[in-house]
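# Coordinates in review
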Protein chains: 2
Amino acid sequence: MRDVLIAGIGSTVFGRHAGTPIEQLGVKAAEQALLDSDIERERIGALYLGNFISGPLNGKEVLAGIVADQLGLPNIPCTKVEGACASGGIAFRHAWLAVASGQCDAALVVGVETMTHARTAETTAALNCAMDNESDGPSGLTFPGLFGLAWRIHAQRYGTTRSQVSAVVRKNKSNGLRNPLAQMGADLSDEQIASSAAICDPLQLYDCCPTSDGAAAVVLVAGALRGEVRGVPVEVLASVQTRGAARIAGHPDLCSFDATVAAAQRAYAMAGISAADVDVVELHDCFSIAEIVDSEDLGLVPRGEGAIWAAEGRTAVDGEIAINPSGGLLAKGHPVGATGVGQLYEIVRQLRGDHPNQVANARIGMTHNLGGTGVACTVSLLRRGD
Amino acid sequence: MRDVLIAGIGSTVFGRHAGTPIEQLGVKAAEQALLDSDIERERIGALYLGNFISGPLNGKEVLAGIVADQLGLPNIPCTKVEGACASGGIAFRHAWLAVASGQCDAALVVGVETMTHARTAETTAALNCAMDNESDGPSGLTFPGLFGLAWRIHAQRYGTTRSQVSAVVRKNKSNGLRNPLAQMGADLSDEQIASSAAICDPLQLYDCCPTSDGAAAVVLVAGALRGEVRGVPVEVLASVQTRGAARIAGHPDLCSFDATVAAAQRAYAMAGISAADVDVVELHDCFSIAEIVDSEDLGLVPRGEGAIWAAEGRTAVDGEIAINPSGGLLAKGHPVGATGVGQLYEIVRQLRGDHPNQVANARIGMTHNLGGTGVACTVSLLRRGD
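Residues numbered from 1 in each chain as written. Chains lettered and ligands numbered in written order. Predicted model: local features only at pLDDT ≥ 70, side-chain atom pairs only at ≥ 80, totals over all residues. Heavy atoms only, no water.

## Overview of helix 7 (residues 143-158) of chain A
Residues separated by three or four positions in an α-helix point in the same direction, a consequence of the helix having 3.6 residues per turn. Residue and element names in this part refer to chain A. The first and last C-alpha atoms of helix 7 sit 22 Å apart over 16 residues, in line with the 22 Å expected at 1.5 Å per residue. Buried within helix 7 are the following residues: Phe143, Gly145, Leu146, Phe147, Gly148, Ala150, Trp151 and His154. Phi turns positive one or two residues past the end of helix 7, at glycine 159, with a value near 75°. (Helix = DSSP H or I, 4+ residues; strand = E, 2+ residues; numbered from the N terminus. Expected span 1.5 Å × (residues − 1). Buried < 20%, exposed > 50% of the residue type's maximum accessible area, 1.4 Å probe, protein only.)

Rendered as structure tokens:
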């Protein structure tokens, strides 16, 4: 496998883009990434597009081809990949594989989703496409239900409190205020969080990510093109994709996701580093409790201490390990197919040193994107390349 | 890139599978392919699943993970790919890439779709997800409309007649009678075809493929495992994926698809062969006129003579180039995400010499899978490996 660099990034604001067709959002992010990279579009050799539910919510598929057409890309393979909420991370991994394996010298990744135009019932039904509905549908469990169970187990096993979990919410919402791309930054008190509407006990309103529209894009190039990369090059040290159980009953433990644990271990091995080397991570906090579980599964925080570390400020921008300085899904938003690519956008800006909520001296960054009931996961490791 | 062999194939009957969940159809085909290959499932290193519209029609996504879970595959990357009607061919190409580039020594491809349970209006709306609906939706043009235009141009330019086009229908429907997997084989007269219901002038009922459920699967292994392949090994000489215009107005000629022409040229170059070396092809005859255009685009038949060759019997099972001995989409059926993988199933059986509608001495076979308005295309070339 060849060395691969990230040469360009682009992103729309995450939030409401009512009236903008989904493909136009994708094109906008891609145009930014191409401009940022200084790589001519004629040199792009593959396009991977991550999207989850444009079929049910927009009546639109073949988005990879449609976006390529509007961008004026050459006659290259254009592929939509889908793995529920991990669709963006999977798109990135495939573009990385295309360059690393020598299929092409430059590849474009786009992640995109539009959701805010749909009624809540439609959105909930579409999101539940990520469940194994034959097995788990009859239980009536939705994703808030699944993560509510995870919270209950975490609380029972480790004594995790509402206040500790609220520390994650406060951190991410506060980080979101510093990120101009974020949908819902806020300065929240413990009382505001604890008195917000019940969603699925014990999850309350501020424990849940919003419904979002948005797109992000990344241009990858072969290491041999380093001289052509404008500004600080960012190296891809590892990009790993795993799977976990689809059925909820197939998980030996609802307080840990096998797919995350395996992806992190393989990524560290591929990169030749350990969790302690990671300076900054964007991880999949679809719910507050998810950040806690994820940070433990990734080995960034000792098992059972995810909430404690957040409460002690050790996961803040100036903490031992900066978790979700973008605001994460909780505050930046979660346009599903775009999320994983948006995480890469954020980490690249951190490693370039030009993030609006900068982690000091960030040299190694990580992204973690989790799909469905942990059925699909990607972890990528990036390094500042100068 | 390493040599890759097809070690196993499986397929359900194409037709109606009312009441069978989509993932179970995929599992059934995959179980067959694994059994046929003699490769233990613990050795499968990647799964690619082709599907187009399970989201809109079934409310089910992450099918790659769900199928892997039910198969008991290890913790490997499982990816759904989508490119409208070319989804199956795209899945095959990615599994081939995974093995050819050394990511793993064995990979599984599944293509699956269920459509017959939906109402006609729902199916039509879902199929139109393959259009660029912002540009072409307002015209009201559906896929029969697009191929009706292609026919009109072919007729005007080359003098193609109803009777010549009917020769394609008669051949494929007749071939379908010899294929136990086919949904709608038939022995039709010219009168029966010419008097069938008008669908979209000049297309009539028998010019259109049926709505189908079905699944097909293929196991690929590295060439180094040739000694473990049971029976006749089949070599993958080339697998190419291209794109064409998404908007109908973006096509310089509606009587030819750029994506097909480019895919064929690249595949011949990759394999080091020419069109004249191909003994048997399964190509994308979603409509009768599509077979005529495709056979010309693939260079198998001189430009403008696709219908004449069919009428003269030169594309029959015992003709100069055997086209769609399976019955093609017209008679075998078109469960969209399964179609491209089903084509590979058919060609492998031809090259093994055990097809129920066998082409004598078939040594080199081709598959051609076309998506949307020609926005995505795959062409693969296979060779009998003994």
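## Description of the relation of the copies chain B and chain A
Rotating chain B by 180° and translating it 0.0 Å along the rotation axis places it on chain A, where the RMSD comes to 0.0 Å. Expressed as an axis order, the relation between the two copies is that of a two-fold axis. Of the residues that chain B buries at the interface, 100% are likewise interface residues in chain A, meaning the two copies contact each other through the same surface. (Least-squares fit on C-alpha atoms with pLDDT ≥ 70 in both. Contact = heavy atoms within 4.5 Å.)

## With respect to the interface of chain B and chain A
Listed as interface residues are 54 residues of chain B and, on the opposing side, 54 residues of chain A. With both sides pooled, the region where chain B packs onto chain A buries about 4,000 Å², and carbon together with sulfur makes up 49% of that total. One can count six salt bridges joining chain B with chain A. Between arginine 243 of chain B and aspartate 69 of chain A there is a salt bridge, with the nearest N and O atoms lying 3.5 Å from each other. At the junction of chain B with chain A, the criterion picks out 28 residue pairs in polar contact (both at pLDDT 80 or more). Among the elements of the structure, helix 2 (54-58), helix 3 (63-71), strand 3 (78-82), helix 4 (87-100), helix 6 (133-136), strand 8 (234-243) and helix 10 (258-271) of chain B are those that each provide at least two residues to the side of chain B that touches chain A. Classifying every residue of the side of chain B that touches chain A by side-chain character gives 26 nonpolar, 15 polar and 13 charged. Bridge count between strand 3 (residues 78-82) of chain A and strand 3 of chain B: three bridges; the pairing is antiparallel. Across the sheet, lysine 80 of chain A pairs through a bridge with glutamate 82 of chain B, a residue of strand 3 of chain B. (Buried area = accessible area lost by both parts, 1.4 Å probe. Salt bridge = Lys/Arg side-chain N within 4 Å of Asp/Glu carboxyl O. Polar contact = N/O pair within 3.5 Å; in protein donor to acceptor, adjacent residues only side chain to side chain. Nonpolar A, V, L, I, M, F, W, Y, C, P; charged D, E, K, R; others polar. Pairing = 2+ DSSP bridges.)

## Here's the deal with the pairing of strand 8 (residues 234-243) of chain A
Residues and elements named next belong to chain A. Most of strand 8 sits inside the fold, with 10 of its 10 residues counted as buried. As paired strands, strand 8 and strand 12 (residues 376-384) are joined by nine bridges and run antiparallel to one another. From the neighbouring strand, valine 240 faces strand 12, where its bridge partner is valine 379.

## Here's the deal with the packing of aromatic side chains
Summed over all chains, the structure comprises four aromatic pairs over all chains. Centre to centre, the rings of phenylalanine 147 of chain B and phenylalanine 257 of chain B are 5.9 Å apart; their planes meet at 45°, and the pair counts as tilted. Of this pair, phenylalanine 147 of chain B sits in helix 7 (residues 143-158) while phenylalanine 257 of chain B is found in the loop between strand 8 and helix 10, placing the two residues 110 residues apart along the sequence. The buried category is assigned to phenylalanine 147 of chain B, whose relative accessible area is 3%. Overall, phenylalanine 257 of chain B belongs to the buried group, its relative accessible area being 2%. Among the aromatic residues, those joined into a ring-pair cluster are Phe147, Phe257 and Phe287 of chain A. (Phe/Tyr/Trp six-rings, centres within 6.5 Å; stacked < 30°, edge-to-face > 60°.)

## Here's the deal with unusual backbone geometry
Residues and elements named next belong to chain A. Residues aspartate 201 and proline 202 are joined by a peptide bond in cis, for which omega reads 10°. As for its placement among the helices and strands, proline 202 is situated in the loop between strand 5 (198-200) and strand 6 (203-204). Backbone geometry places asparagine 324, a non-glycine residue, at a positive phi of 55°. Residue placement: asparagine 324 occurs in the loop between strand 10 (322-323) and helix 13 (328-331). At asparagine 361, a residue that is not glycine, the phi angle is positive and equals roughly 55°.

## Thoughts on the pattern of salt bridges
If you walk through the whole model with that rule in mind, you get 52 salt bridges over all chains. As a salt-bridge pair, lysine 332 of chain A and glutamate 346 of chain A come within 2.9 Å of each other at their nearest N and O atoms. Placement of the pair is lysine 332 of chain A in the loop between helix 13 and helix 14 (336-352) and glutamate 346 of chain A in helix 14, with a sequence separation of 14 residues. In this structure, lysine 80 of chain B and glutamate 61 of chain B form a salt bridge, with 2.8 Å as the shortest nitrogen-oxygen distance. Here glutamate 61 of chain B lies in the loop between helix 2 and helix 3 and lysine 80 of chain B lies in strand 3, a separation of 19 residues in the sequence. The same class applies to lysine 80 of chain B and to glutamate 61 of chain B, which are both buried.

## A word on the side chain of threonine 339 of chain A
Residue and element names in this part refer to chain A. Examined against the element boundaries, threonine 339 turns out to sit in helix 14. Given the relative accessible area of 2%, threonine 339 is considered buried. Apart from the residues within four sequence positions on either side, threonine 339 is in contact with His284, Leu329, Gly333, His334 and Asn369.

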